[in-house]
Amino acid sequence: MTDFSATKAMFHLPEGMIYLDGNSLGALPKTALARLSETVNAEWGEMLITGWNKAGWMAQPTRVGDRIASLIGAEAGHVTVGDTLSIKVYQALASALDMRPDRKVILSDSGNFPSDLYMAEGLIAALDCDHELRVVDPEEIENQITEKVAVTLITEVDYRSGRMHDMARLTAKAHAKGALTLWDLAHSAGATQVNLAACGADFAVGCTYKYLNGGPGAPGFIYVAPRHAARARPALSGWLGHDAPFAFEPSYRPGGGIERMRVGTPPVLALAALEAALDVWDMTNMADIRARSVALTSQFIDEVEAQCPMLTLASPRDASQRGSQVSFQFDQGYAAMQALIARGVVGDFRAPDIMRFGFTPLYIDAGDVSAAVAIMAEVMDKRLWDRAEYKIRAQVT
Ligand SMILES: Cc1ncc(COP(=O)(O)O)c(C=O)c1O
């Protein structure tokens, strides 16, 4: 059994704050600062360029990738880390389309994160081969997987509502129709029990700054199923994805397996912070994480519905269809969220009217949930949100 008081003690949580936004940016692991300082001083400072070999910087993306693989049910050696999630979406999508040259449809749903859709639009324009991005309602996606679909581009857990797709079922349907699958795990990795290998997923991508606590701007990751690893053609053919980067050949030759999904120089400092953050996972397992996540989100829904009747649940009530976040609809949601943040309960807001609350089992407990709901009840009962300063929109909401 995971000792969640021990995992909570691993994080710096500001005094007086209940942090319900780990689905956007995870909290700071206490060991990250020491790890960064060691990388900066002992490695960058003392080793300079020799750090690439001596400190193992060049192997870092695959080393960290293996640790992430164990959290998402992927085979070791088939995940690499680097760039941003948006770039990893582009790479995986391009490889998938290349593997289905006779099909033109990329199938996604309206609950997908806009950046994924934008990247698909950009890729379609760059390829100029009559591809179509077909965006359907989330409930319709299964029916819409037909023999015309080259690849499904689906975010498992909806960033707005927390609604979770059935990865095994949709992957099986896609394969039955001859389509490939690309799963965005931004809101899944570290939050739900993902099992890429068991589902037979073809490609997956994700980020490390949410539930994996890698810090602001932490890099993205990409998974390519072993059966495709030697075939997937990287559209972004950077030198570190080359088979022999230091041969400096004039033309690109893809590297072996997942190495070909690397693009350029790895973000060594960001990866050092991420490596420290991943140590926490050695103290737990995803079954315990998921059980606690379900308990916390269910408790939150029950208590908010009992104490804040003016808020409308915008997440699935059935825990099996919900990720590790809960959203409530309220027409003054932005102002209400600012009033909560001013009182130490930090969630966020997604237009037009969604108040989002994320529950990171590693550092949120039942006491936090009850304390947060008590503050919410006061804000809602007394209309404490109804102040001009809470209605001024910041750049990041
Ligand atoms: C589901 C999903 N996909 C893609 C992205 C974009 O990620 P990035 O900004 O790292 O490219 C996000 C960002 O939050 C996201 O939530």
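In case you missed it, the structure is sitting above this.
Just so it is clear, the structure is predicted and the values come from calculations on it, not from any experiment. (Residues numbered from 1 in each chain as written. Predicted model: local features only at pLDDT ≥ 70, side-chain atom pairs only at ≥ 80, totals over all residues. Heavy atoms only, no water.)

Draft legend 1. Representation of the sheet that holds strand E10 (residues 220-224). One open sheet holds the 7 strands; their spatial order is E4-E10-E9-E8-E7-E5-E6, and the pairing between them is mixed. A single partner strand is all that each edge strand has here, and the edge strands are strand E4 (79-81) and strand E6 (132-136). For this sheet the average axis-to-axis angle between neighbouring strands, irrespective of direction, equals 20°. Direction of pairing for strand E7 (residues 149-155) relative to strand E8 (residues 180-184): parallel, over a ladder of 5 bridges. Counterpart to Thr155 in the pairing with E8 is Asp184. Contacts from helix H7 (residues 167-176) reach E7 and E8, with the element oriented near 155° to E8. (Pairing = 2+ DSSP bridges. Helix = DSSP H or I, 4+ residues; strand = E, 2+ residues; numbered from the N terminus. Axes fitted to C-alpha atoms, helices over the stretch in contact; angles between N-to-C directions. Contact = heavy atoms within 4.5 Å.)

Draft legend 2. A look at the sheet that holds strand E11 (residues 312-313). With antiparallel pairing, the 4 strands of this open sheet are ordered in space as E11-E12-E15-E14. For this open sheet the edge positions go to E11 and strand E14 (348-350), each flanked by a neighbour on one side alone. When E14 meets strand E15 (residues 354-358), the two strands line up antiparallel, connected through 3 bridges. In the strand pairing of E15, Arg350 is matched with Ile354. Sheet strands touched by helix H10 (residues 286-307): E11, strand E12 (325-329) and E15. Its angle to E12, the strand with the most contacts, is close to 20°.

Draft legend 3. How the structure looks around the pairing of E10. Burial of E10 is extensive: 5 of the 5 residues sit out of reach of the surface. Side chains Gly220, Ile222 and Val224 of E10 all project onto a buried face; the interleaved residues Phe221 and Tyr223 project onto the opposite face, where all are buried too. Across 3 bridges, E4 lies against E10 in antiparallel orientation. Bridge pairing in E10 places Thr80 opposite Ile222. Note: strand E9 (residues 203-207) against E10, 5 bridges, orientation antiparallel. In the sheet register, Val205 faces E10, and the bridge partner there is Ile222. (Buried < 20%, exposed > 50% of the residue type's maximum accessible area, 1.4 Å probe, protein only.)

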